[in-house]
Every structure is written in structure tokens, then in C-alpha cells.
Amino acid sequence: MKLVNRDIDKHNVGSVVLLPEEAEDMWHAYNLVGIGDTLRGTTIRKVQTQTATGSVNVNKVRTTLTIQVEAIDFDTQGCVLRVKGRNIQENQYVKMGAYHTIDLEPNRKFTLGKHEWDSVSLERIENACDPTQHADLAAVVMQEGLAHVCLITANMTLVRAKIETHIPRKRKGQCQQHDKGLNRFYDQIIQAILRHVNFDIVKCVLIASPGFVKDQFAEYLFDQAFKMDLKILMDNKSKFLLIHSSSGFKHSLKEVLQDPAVMAKLADTKAAGEVKALDDFFQMLQNDPDRAFYAVKPVEKAAEHQAVEVLLISDELFRAQDVAQRKRYVHIVDVVREHGGDVKIFSSLHVSGEQLGQLSGVAAILRFPMPDDEEYSGDED
Amino acid sequence: MSRHRNVRTMNYEEDFFDDDDVYGHSVEDNYCISPGTVSQFTFNRDAQHDLTHYMGESRIPEEDNEDDSDEDVEPLNDSSGCGRPKLNAVDDAKLNTCLEGMRNILGETFPEHVMVETAVKNNFDLSSSLNQLLSQQDAPKPQRQPREKRRNRSEASPKPPVMLLKDPVPRQTKSDTQAVSTAADDLSSLSLQSSEGSNTPAASKASSASSIAITKPDILSNGMGAVDEISSPDKPETQTDSVVPQTPKKDQMTSVPPLPRSSSKTKEKLNLQKEYEKRREGKDLLNLVVIGHVDAGKSTLMGHLLYQLGNVNRKMMHKYEQESRKVGKSSFAFAWVLDETEEERSRGVTMDIAQTRFETPHRLVTLLDAPGHKDFIPNMITGAAQADVGILVVNATKGEFETGFESGGQTREHALLSRSLGISQLIIAVNKMDTVDWAQERYDDIVKKLGQFLKQVGYKEADFFFVPCSGLSGENLTQCAKEPKLSSWYTGTTLVQQIDNFKPVTRSIDKPFRLTVADVFKGMGSGFSITGRINAGSVQNGDRMCVMPSADNAVIKGILQDEMPIPYAFAGDHVTMTITGLDITKVNMGNVICDMTNPVKVATRIRARVVIFNLKMPITRGFMVVYHYQTITEPAIIKRLVSQLNRSTGEVTHNHPKCLTKNSSAVVEIEFERPICLELYKDYKDLGRFMLRAGGVTIAAGMIEEVLKVKTKDEQAATNY
């Protein structure tokens, strides 16, 4: 993402002009755009024109529109952001107040105006425009009969393919069905890898599984690559890395990212950092429960007492529709920062962020023990 | 609309009660018929199914009762009573029987009042009144007799007394138009009847009427009610209603054209209990799982045992020996008996459960050889969940026993798992005694350490036994110890004797049928095969079952046990069943084949009581776990910590705790990604247990207490399937 122009006054009112460059920037944009903001961008609009004779012509016109946002929709698979709203700047094609949905496109700049730019949003822009944070990797988490092919970027973990097949078990004297089923399963994974992994971008492909499935698969993969002359796999053989995981479910990705071998390769990427922070939190909960808080109320209380050392918070919370709600979370973040605490904003698309989301979305490691008499009865849904 | 006419004139009787009928579940599946047409012209079987749920467990042994045709007569009498001469109860009943018989033969060619008249004239004698009527007028032969009869049956009960019509003739026409009547109507009208029972004959009838209400849906849901009714005249009359004369009925039976299908199925049902008893008198069935740390020698021990028992022929064994020597793993020859996949053999590690059978003097044993490697514990859990008793194999070699036994070793984890999965008795085979020169001190040491641990885990002292042996040399497996170094101090039982000494296990064969699918594969011939252990109830060839959670119907075409076809199977049996009636893709591991009238519970969220083991990280809300239950492993999330319990007393110590730490006990709510078949612990003990694992470690064992949420099919489709 590129920041083209920034025009924010001392009251934090103003607008920025941003240029998204890749899929991940859409995710950032998704986290920036809020309901009630104004968004200006180029878009295609179907325009009806009536000639003097009364015949109607419909043609598509590329035009620049400014809308007031009413609904935001993000498609994780396609990484497309659609923003719906009403036109607030009339032009020759579109009347005032007419509805329009802008699809944000890569490499086309847009202007985002807010009534109040808070610290979290500003930080998000900064992060998004930081070109050093790039570590794309692919991961295949698998077990017999189940595999997830994922792409991991700095802020997103995208499941590109979930392969689930039934493999007949071994039975007395009849192993052919088992072997056949297994080979079919591997073939499907290879297809998924070929289709979804772009080896120009991806630095590393992790293959993780319990037992020997990963070894067996790797062997089969290169065997097939040789047989079928899949050059792209042969050329990138060195990028494959075999890791142990306890199962083939998506949440095992957390274990994979914790593996020292992967840690070394990824060093300091957001995904790995988040996993570590969450791990620290659980460690603290085990060792000293009074220094590990979760759920909004207790954490808020701790923040007021200047007790928070590390705040873990999911970006999901900042996408809250309710402005007051959002302010509340931003306030916690600001308070913690003010008192020298560390704030980690988790991406809700990562596995660790997903788990934090399950854990009410906010957690904190405290500097000193605090009594905690809250009842943890809340249940979001 | 000739297509519709086809439907209307279709002979449902034959189609419905054919074994592999395709019309059985739904007409719309196969033909493009509009729903309106369906409801107009077809018999609404779905509604009938639903009704049986209301009945709950109270299944009435209808098979031998229902053939008494009087059950249909009673309500008829009620509904047409006004147009009849006043009779006493006995005569009334006679009249009904007679009328029913006449109707069966004549259909509706005569108005009812004519029939009543004739019957009374002939003193309720069926044949003579028939003669009279038929001679009166050359009546046209009833053309669609089965269908008419059917209509009679359905029309018989739904008439509430309130709707009585003074003139019997319009009543006939009325019933003609009433093409479809659901069983729900039957029920409501009948209960209405029973509540209104005020006049004297009605009082007695009311009770019988309500009993019909219960049997009826059952008959229909079995899809063979009508068949039984007619074609089993030779069956003993068990109906106790003394008022009903039985004699005319026999006449009527002979005059009814026999239907091709016999009621063999119902007869067999009666025998099931007997059959089971008979089998019990023979050898008791035991499901035995072999567990232990990796490389303890489980497969080799069992392979050698099978060889000594003669279950593996010499030629095969020789082949294994040759081949294993070729790849330089001659010590694995016996393990190859059970480890059959290439991968397992080349790595020398069991990866999946191997299943085989052998016999001891008093027991029929189904052997499940579990993998010992840490990564294959999911498979081990699958095996242990299907077993009644277990053999825990420990390696006596110096250092090896210790690695298996220390925390993180599988000896410890397996013992804990097996206890939590309901394995009540355990043999501890102290294996590889040859490597420690059969030293008694070593054996005693292991016995002491392990005994203490097992007691901690929760085994009673009388429920576990130690046997020293060697899998490789085959010492003390089937024959008493020959090795002088062993026999000098050990005089106890051999492994096989000890297996023979296992106490038999009681099984719940009277509960509704349940089988958790362990494997699905294409078999020979028609349909496909599934394997699994029957958890409860019994099954026989030709039974119609329900596959949950997809709720599809299926017909059991064949049951194989140990490659041999058997007519019936009972709880505890490991069987392979051939299934027809639905597609192979609709059945998956972990699905449950169950009784149609009593389907298994399906849940996406449950409340459970869990016992938490050693944990690296405390369990909080939103903790992601892997849920191991029977044959499935599913990702799940602990959505809520309801309360923390006192481990020994079970009292609530803390409501909504912040987190659960190790060695505690708690009530939690667990949510799954998709609906899962399960049963409550209080209903089915072994189907109510599950294990939770996270990060490759078993963190908790639990019992299902309550089903909280069931996603409907639509909701599920809306989310992602």
C-alpha cells in the first residue's frame, strides 16, 4: 500500500489517499473503512441515457464517485472489498443520494475520509505502507484423509483448499483400497498446491502432519513431479520444509509456526510473533493466573490500574459497527500505550487471532498480580 | 396427465413392501411430480414416521398381535354404530369381524347398511352372508383389491364419533374422497374418542382403540403392516380380548387371496433373543485391544500368539520370514502378520488398527492391535473405544520400560486413555523378558511400579493381571513357561489362559440399534460395505435402518463377521455390513447406523463433564481442541466453562471459572463445526464417552451430559456445506 496524500488536521478530522497494490492491502483497507466514512474512488457505473426520440441507451461509464459508507463486505477468498453507500457528490451521471457499490481495485487509488482518525487506524496505515513486512509462505497441514492448503501472509492466513477424502482403512488381506485411496488423496493435494501456490512469491512451503504422512507425501510429490515433468515443483524443491504437527486441522498451524525451524525462517513475521505472544499469555495463565486476564471488563479494569504489560487484541474488535464500542477498545489501547505497555493487534485471519477471538478478543499479561473476581460467563453468540 | 394416472393406479401395496423398494422413502426422489400431486395421490409416509417419535421407547410387540383383524374393526364400529341395529357387546364385535371380512373380499361394492343387514341376518357368519350378497347380485370383482383394503384401513380409525353421519351411504362416499389421512389425525381422533368414552361398549372400546393408535404407526413405519395382517394366519393368536370370536376369522383368511410375501421377518425377530441366549451358551465374545508404548512389541507379541494358535498358516509365516529377512528386519516377521500396509512394514511401526479374530477355550476374541506411536493415538483411541478389555504391553528391557512409563510416554497415556474409554479389565504383558535374562527382580519391579500407577488411574486391583512373556521367542504365550529361567520362579498363567479368564461383559442388546461406522469401502456385488462395532441392539439381514446425521434410509443386505455371512448380529460384534438404498458418498466414518424409530442424537453443541489430565496450558474459553469420539476426530471449541467441580465429590466449587488447570474436573460446553452423532452418557455408557486432545497431548476425558444445539439441515447448508 502506498500513502499518496495525507490531510488530517489536529482534531483528527480529514482524509488520506491510498493506493493498494496487492491482495493484502485490501485487508488493510477493510480494517480502515468504517460505516459513516466517506470514500472516493473510481468505479464503473451503468448509466441510462434517454435521447430526444425517447429511446433509452444503457452504457457503462467509468467515473469517480464519493459515497458515504453504509455497508462493507470483504471476501477473504478473492480478497475483494466491496463498499456500499450513497452518493454525496453529484456528477453528470449519478444523482445525489443514489446508491452505489464501489469495488476497490488494486492499483487504483482511493480517498478515505473520517470524522475521527484514532490511533489504531493511523497505526494501521503506517503498517500497511511498510514494505519490509513481507513474508509469504504456503503451508499444507495434513493428516490421513484431511489436508488444508493455506497461504500465510503478514496479516492473513487464507485457506486455499480443504481436501477431505475418505481413505478406506487397512483390512485383513486387503490393502489395495487403502493405498489407492491414499494416492488419490495425495494427487488432490498436489493439484491444490499447483493451483494455489505461486512459487514466485512464496518463500517457503511448509508440509506438516503427524506421523509419517508428510514424509510419505513429500516422497510421492517429488516422485510425481519427476514422472509428470512438473518443472515448477522440481525447481522449488528446496523451498519445501517438513514439520511435525499433531493433527491436520487448521488450528494445528499454530504448532507449525511455533516450530523452531520455522521460527528461524520466518523470524519476526507478524504471524509467528502473534503465536508467540498468545503462547506467553497461556504460559502466564498457567503459572500465575492473577497476572493473565482476558475478556473486556477485567482487561479494562487492569488497564485503568496501569497494570497491563502486554495487551493482545484482535482487529476484529475495531471493526465493530457500533462507534461507542470501537471507542472503548481504542481507549484501552491508548491507555496501555500511554503507560508504556506493549500492544499487539492480532489479525483475526490468522489462527492465533482466531483463537484470541474465541477468547473474547482481548487478553492481557499484567505487570503485577491483581485479584480477579469476575465471572467469566460471557458468551458472544 | 398420463403420468399422474400412473401414480394413481399404481399398486402401492407391492411397491411399498418390497425389500428394496425405491418408493419407500420418497416418491419425489425419482419422479418429477409436483408436491401438490404427491400430497393428493400418495400415501404420506413421512408423517407416519414422525408419529413414532411420540411413542418413545414403548414399542409394542405388534408382530404377533397385529394380524388380528379386529383392531381395524373396532373403530369402524364406533363410526358407523348409529346406522346399526342395537346389539350387545358380543354381537357387536361379531358383526365387526364379519363386516371386516366382507369388506376385505367385496371391497366397497355394497353399501354398508346392506352388509350390516346381511350379516345380522346370517347371524354374523361370514361365509353365508357373503354367499347371500354375491348371489343377490353378480357383483363386479373388486379390481384393485389391495388398494381398497388399504383405504379401509386408513379410513377406519380417523372417524371421530363426533362426525358420525346418520345415513351410512353418504359415509361411504365421504370416505372415498378422503384420499389421504395422516396418522396424526388417527391419533388425535382416537384420543378424542377415548376421552369421550361414556356409553358402555365404548368404554371398553376406548382402551383398545388407544392401543391401536400405538400399534398403527409402527405397522406402517415398518412398511409391512398389511402384509402381516393377512399372510400370517398360522401364527398363534395372542390377543387377549375374549370378546372377539376367533373362528370366523379363519374362514375369512382362507378366502383372501394370499400375498406373495411371507412374514418371515417378524418371526425371526421373536427368535433374536433366543438366538442370543443360544450364542451366549457357547463362547463369550470379547473385544480385546492391545496397547502400549511404541516398540513394546505389541504386534510381534500378537502375531506370534496368532501363529501359535494356528490362525496364521505355516506357509504364510514362512513367507513373512523370508521377506522380512530380505529387507533386513527379520525380527519383525511376526509383526507383519498384523502390519499389512507397505508403509507399516518398511518403517516397522504399526500405524492403524489391525483387526483379527481368534478363539480360546472359552472366549471368542476380536483382537484390535493398536499403534503405539505418539502420533497415532487418534487411531489407538478408535480401537480402544471399540474394545471391552485390553492388554497393555510393556517392554521389560532396561531403560525402555522407563521411557514408556515416564510422563509423555505412551504406557502412561494409553493406560489413562483405556481407563477413560471404559476398558474395565487389563492384562499387563511384561514383554521382552528374554532381554533381561528372565530376571525376577526386574519383573517384580515393573509389577510394583505399574500396579501403583494403575490403581491411581482407577483400576481395581482385581481387574489387572501381570504376565511375563516374550513375543519374539514365544515364551509363555499359549504354553506354560518352558524356559528354565522363567519357570523357576513363575508358575502363573500363560497369556492365553489369562485372556480366557477375562470376565464376560454385559451388552445392551435390548436397546435400540447403534453402529458407529469405522470404515466405508466398495465391496463385492451390489451396494457398498461398512464396518464397525455394534454398540447396542441387534440387527438382521433385510432390516431397514437409518443413517445419521444425514437421516437417509438404508437396507442391510448382508452381515459378515470374520468373512462369514451371519443372519443376525448383536451388540459387541464387529461386523461388515453390505448396505443398499443410498449412495456411498452419503456415509462417512463416524456416522451412525441406527434404528429408524429411535435415531441417534445429533448435536453441534453439547454440555459435558470433563476430567482434565496433565496440561501444559490451562483451558480457557475458546480453547481449540480435537474431539475424539468413537471413530471420529473432529476439531471443536470449548465455548464456555460452566463450572468447576470438586474432583472427588462432584460438587460445584466455582461457577464460570476463568480457566481450568490440570487435574481438575469441570462442566464445559463444546461446539463442533458440523453436526455429530452422539449419545448421552446416561443412555449409552460407551457411546457417551469422549476424549479431548490438543497439541498432540490428551488433555481431558469427558462424558456427554446434554445436547444443547442441533443445527438443522438448512442452517448447515447455509453455512458452508
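Keep in mind the model is a prediction, meaning the values are calculated, not measured.

Visitor: Looking at this structure, I do not really get the overall build of chain B. What am I missing?
Guide: Counting its regular elements, chain B contains 26 helices and 22 strands. In chain B, of all internal contacts separated by at least 6 residues, the share reaching a separation of at least 24 is 74%.

Visitor: Explain the overall build of chain A here, please?
Guide: When you go through chain A residue by residue, the secondary structure sums to 11 helices and 16 strands. Looking at chain A as a whole, 40% of its 381 residues qualify as buried.

Visitor: Help me out: how do you make sense of the sheet that holds strand S7 (residues 110-114) of chain A in this one?
Guide: Hydrogen bonds along the backbone pair up the strands of a sheet, which may run parallel or antiparallel. All names here are of chain A. Judged by pairing direction, the sheet is antiparallel, and its 7 strands sit side by side in the order S1-S2-S7-S3-S4-S5-S6 without closing on themselves. A single partner strand is all that each edge strand has here, and the edge strands are strand S1 (2-8) and strand S6 (99-104). Strand-to-strand twist in this sheet, taken as the mean axis angle between neighbours without regard to direction, amounts to 40 degrees. Each of strand S4 (56-75), strand S5 (80-87), S6 and S7 is contacted by helix H1 (residues 23-32), which is oriented at about 40 degrees to S5, the strand it contacts most.

Visitor: Even after reading the chapter, I still don't get the sheet that holds strand S3 (residues 363-369) of chain B, so can you show me in this structure?
Guide: Residues and elements named next belong to chain B. Reading across from one edge, S2-S3-S1-S4-S5-S6 is the order of the 6 strands in this open sheet, with mixed pairing throughout. Each of the sheet's edge strands pairs with one partner strand only, and the pair in question is strand S2 (354-359) and strand S6 (464-468). For this sheet, the mean inter-axis angle between neighbouring strands, taken without regard to orientation, is 25 degrees. The pairing of strand S5 (residues 425-431) with S6 spans 5 bridges and is parallel. Residue Val-430 lies in a different strand from S6, and its bridge partner there is Pro-468. Contacts from helix H17 (residues 298-308) reach strand S1 (284-292), S2, S3, strand S4 (389-395) and S5, with the element oriented near 150 degrees to S3. Contacting S1, S4 and S5, helix H22 (residues 410-420) crosses the sheet at an angle of about 150 degrees to S1.

Visitor: Please explain the interface of chain B and chain A as it appears in this structure.
Guide: How large an interface is tends to be reported as the accessible area lost when its parts come together. Counting from both sides, the interface comprises 36 residues of chain B and, opposite them, 31 residues of chain A. Within the residue set of the side of chain B that touches chain A, elements represented by two or more residues are helix H19 (342-347), S2, strand S7 (514-521), strand S17 (623-629) and strand S18 (632-645) of chain B. Counting residues per element, the side of chain B that touches chain A draws most heavily on S18 of chain B, at 5 residues. In terms of residue class, the side of chain B that touches chain A is made up of 15 nonpolar, 11 polar and 10 charged.

Visitor: Looking at this model, I keep getting lost on H1 of chain A. Mind explaining?
Guide: Residues and elements named next belong to chain A. A large share of H1 lies buried, amounting to 9 of its 10 residues. Three or more residues of H1 are buried, namely Glu-24, Asp-25, Met-26, Trp-27, His-28, Ala-29, Tyr-30, Asn-31 and Leu-32. Buried residues along H1 sit in contact with S4, S5, S6, S7 and helix H2 (119-128).

Visitor: Even after reading the chapter, I still don't get the nonpolar core, so can you show me in this structure?
Guide: One broad rule of soluble globular proteins: the nonpolar side chains tend to lie buried together. Core analysis: the biggest nonpolar cluster contains 210 residues, and Ala-139 and Val-140 of chain A together with Ala-384 and Val-430 of chain B have the highest contact counts within it. Here Val-140 of chain A is in contact with Ala-147, Val-149, Ile-189, Ile-193, Leu-206, Ile-207 and Ala-208 of chain A, once residues within four sequence places are set aside. Core analysis: the next-biggest nonpolar cluster, separate from the first, contains 25 residues, Met-1, Ile-67, Ile-102 and Leu-349 of chain A among them.

Visitor: I tried to follow the pairing of S5 of chain A on my own but got confused; where do I start?
Guide: Successive residues of a regular strand alternate their side chains across the two faces of the sheet. Residue and element names in this part refer to chain A. Of the pairings in the sheet, the one linking S4 to S5 comprises 8 bridges and is antiparallel in character. Paired with Gln-68 across the two strands is Arg-86, which belongs to S5. Taking the residues that link successive antiparallel strands as the turn, the S4-S5 hairpin has 4 residues, and the phi of Cys-79 there is positive, at about 55 degrees. Bridging between S5 and S6 involves 6 bridges; their strand directions are antiparallel. Opposite Gly-85, over in S6, you have His-100 as the bridge partner.

Visitor: Can you help me understand the environment of Met-1 of chain A in this one?
Guide: Residue and element names in this part refer to chain A. Along the polypeptide, Met-1 turns up in the segment before S1. For the pair Met-1 and Ile-125, spaced 124 residues apart in sequence, the C-alpha separation works out to 8.5 Å. Aside from chain neighbours lying at most four places away, what touches Met-1 is Leu-18, Leu-19, Pro-20, Glu-21, Asp-25, His-28, Ala-128 and Cys-129.

Visitor: When you look at the confidence of the model for chain B in this model, what are you seeing that I'm missing?
Guide: Close inspection of predicted coordinates is inappropriate for parts of the model with low pLDDT. Residue and element names in this part refer to chain B. Residues with a pLDDT of 70 or more make up 67% of chain B, whose mean pLDDT is 73. Segment residues 139-143: pLDDT under 50, and 8 contacts once partners within four positions in sequence are set aside and those in other chains are kept. Under a pLDDT of 50 for its full length, residues 145-267 has, in the predicted model, 191 contacts with residues more than four places off or in other chains. The complex model carries a pTM of 0.68, and its ipTM stands at 0.80.

Visitor: How do you make sense of the pairing of strand S16 (residues 362-366) of chain A when you look at a structure like this?
Guide: Residues and elements named next belong to chain A. Across the 5 residues of S16, 5 count as buried, placing the element largely inside the fold. The alternating pattern of S16 places Val-362, Ala-364 and Leu-366 and Ala-363 and Ile-365 on opposite faces, both of which are buried. In this sheet, S16 lies alongside strand S13 (residues 292-294) in antiparallel orientation, the contact comprising 3 bridges. Bridged to Tyr-294 within S16 is Ala-363. Relative to S16, strand S14 (residues 308-314) runs antiparallel, the two sharing 5 bridges. Along S16, the bridge assignment pairs Leu-311 with Ala-364.

Visitor: Would you mind going over helix H18 (residues 314-326) of chain B with me for this structure?
Guide: In an α-helix there are 3.6 residues to a turn, and that puts residues three or four apart on one side. Between its first and last C-alpha, H18 of chain B extends 18 Å over 13 residues, near the 18 Å set by a 1.5 Å rise per residue. Following H18 of chain B by one or two positions, Gly-328 of chain B has its phi on the positive side, about 75 degrees.

Visitor: Just checking my understanding: could you explain unusual backbone geometry for this structure?
Guide: Trans is the prevailing form of peptide bonds, just as negative phi is the prevailing case for residues other than glycine. Residue and element names in this part refer to chain B. Cis geometry is adopted by the peptide bond preceding Pro-549, which originates at Met-548 and carries an omega value of 5 degrees. Along the chain, the position of Pro-549 falls in the loop between strand S10 (544-548) and strand S11 (552-561). Phi at Lys-432 is positive, roughly 55 degrees, even though this residue is not glycine. Considering the arrangement of structural elements, one finds Lys-432 in the loop between S5 and helix H23 (440-457). Phi is positive for Ala-551, close to 60 degrees, though the residue is something other than glycine.

Visitor: Honestly, the environment of Gly-527 of chain B in this entry has me stumped. Any pointers?
Guide: Residues and elements named next belong to chain B. Locating Gly-527 in the fold gives a position in the loop between S7 and strand S8 (528-536). When the C-alpha positions of Gly-527 and Ile-584 are compared, they lie 7.9 Å apart, and in sequence the two are 57 residues distant. With residues up to four places along the chain from it excluded, the contact list for Gly-527 reads Lys-557, Thr-578, Ile-579 and Thr-580.

Parameters at a glance
- Residues numbered from 1 in each chain as written.
- Chains lettered and ligands numbered in written order.
- Predicted model: local features only at pLDDT ≥ 70, side-chain atom pairs only at ≥ 80, totals over all residues.
- Helix = DSSP H or I, 4+ residues; strand = E, 2+ residues; numbered from the N terminus.
- Contact = placed C-beta atoms within 7 Å.
- Buried ≥ 20, exposed ≤ 12 C-beta atoms within 10 Å, placed from the backbone.
- Pairing = 2+ DSSP bridges.
- Axes fitted to C-alpha atoms, helices over the stretch in contact; angles between N-to-C directions.
- Nonpolar A, V, L, I, M, F, W, Y, C, P; charged D, E, K, R; others polar.
- Core = buried A, V, L, I, M, F, W, Y, C linked by C-beta atoms within 7 Å.
- pLDDT = per-residue confidence, 0-100.
- Expected span 1.5 Å × (residues − 1).

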